[in-house]
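Residues per chain, in single letters:
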Amino acid sequence: MAQKLYDPVRTGRPMRVAAFMSGSGSNVVQLLERGSGHYEIVFIFSDRTDGKCRGEAIAHKYGLPYFAYDIRRFHEIGGLSRSVATEQGMAARKIYDRVAAQLTEAFRVDVLALGGYMSFLTLPGAVNVHPADLSIIDDRGMRVFVGDNAVYDAICAGQTELRSSTLWTDLGVDSGPLLMVSDPVPVELPAPLSELRREPGRLAPICDEHQERLKEKGDWVIFPLTLDLMGQGRLGITDQGVAVLDGIEYPKGIRMSDI
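Here's a quick rundown of the structure.

1. Describing the pattern of salt bridges
Once the charged atoms of two side chains with opposite charge are near each other, the side chains can pair. Applying the stated criterion to the full structure yields 11 salt bridges. Here Asp 138 makes a salt bridge to Arg 140, at a shortest N to O gap of 3.0 Å. Taking relative accessible area as the criterion, Asp 138 reaches 24% and is therefore assigned partly exposed. Note that Glu 195 is salt-bridged to Arg 202, the shortest N-O span being 2.9 Å. A residue is classified by how much of its surface remains accessible, and Glu 195, at 28% relative accessible area, is partly exposed. Given the relative accessible area of 31%, Arg 202 is considered partly exposed. The network of salt bridges with shared partners includes Glu 195, Glu 199 and Arg 202.

Laid out in structure tokens, this is it:
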């Protein structure tokens, strides 16, 4: 049985979204620029205050409330572990997330949108965008290209195309229900992969350039579209974590051709 991720008929209003970010916020800007009225960004939240996040500038430009709570300072002051792999670290992260939880409650937020948010989040109800095709799995049924180095790993593995994915987050790393998968961006290498693998210093900027192209052709397309479909009440997931669009299940994620 499928459950809608948002039901506009029940609420009678556009879906209210809180945007979480840590850096340039290019994905958040696209959410603001490409929205079609089915959702609205109600505030921006950042986990850093060291001047490396553009959240305040973006919020000022679009006339939005902005909140920043530096996670590094939070752990330094409390002498707490930042690793959520430990029991203490996970407990600390839940304490840190209380501020964001209070904000989402106060602003009546329906969905969290993680647009380059680099901290582990313990709050439910979030959509994330990831620079890899999360429908690719290994022999154990595990997703292959997860984590911060997904583009580098995909290129090193010999993938000839790159795709972005959106997912409904859980407490794992890029392990939540897969929602959408973007159109492909071709991998274009200036030399044989076997040669580039022997020169990491040369391969790394090539992967960075591919990631920027993937962001433009992938992230910036499917991230706003995912929220738009949710805001229309068309997107849901089954109890087994399979994406459903207009009543049809998509075990490998919804593709642009399915819209």
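2. Comments concerning unusual backbone geometry
Look at Arg 108: it is not a glycine, yet its phi comes out positive at around 55°. Inspection of the secondary structure assignment puts Arg 108 in the loop between helix H5 (87-106) and strand E5 (111-114).

The rules we used
- Residues numbered from 1 in each chain as written.
- Predicted model: local features only at pLDDT ≥ 70, side-chain atom pairs only at ≥ 80, totals over all residues.
- Heavy atoms only, no water.
- Salt bridge = Lys/Arg side-chain N within 4 Å of Asp/Glu carboxyl O.
- Buried < 20%, exposed > 50% of the residue type's maximum accessible area, 1.4 Å probe, protein only.
- Helix = DSSP H or I, 4+ residues; strand = E, 2+ residues; numbered from the N terminus.

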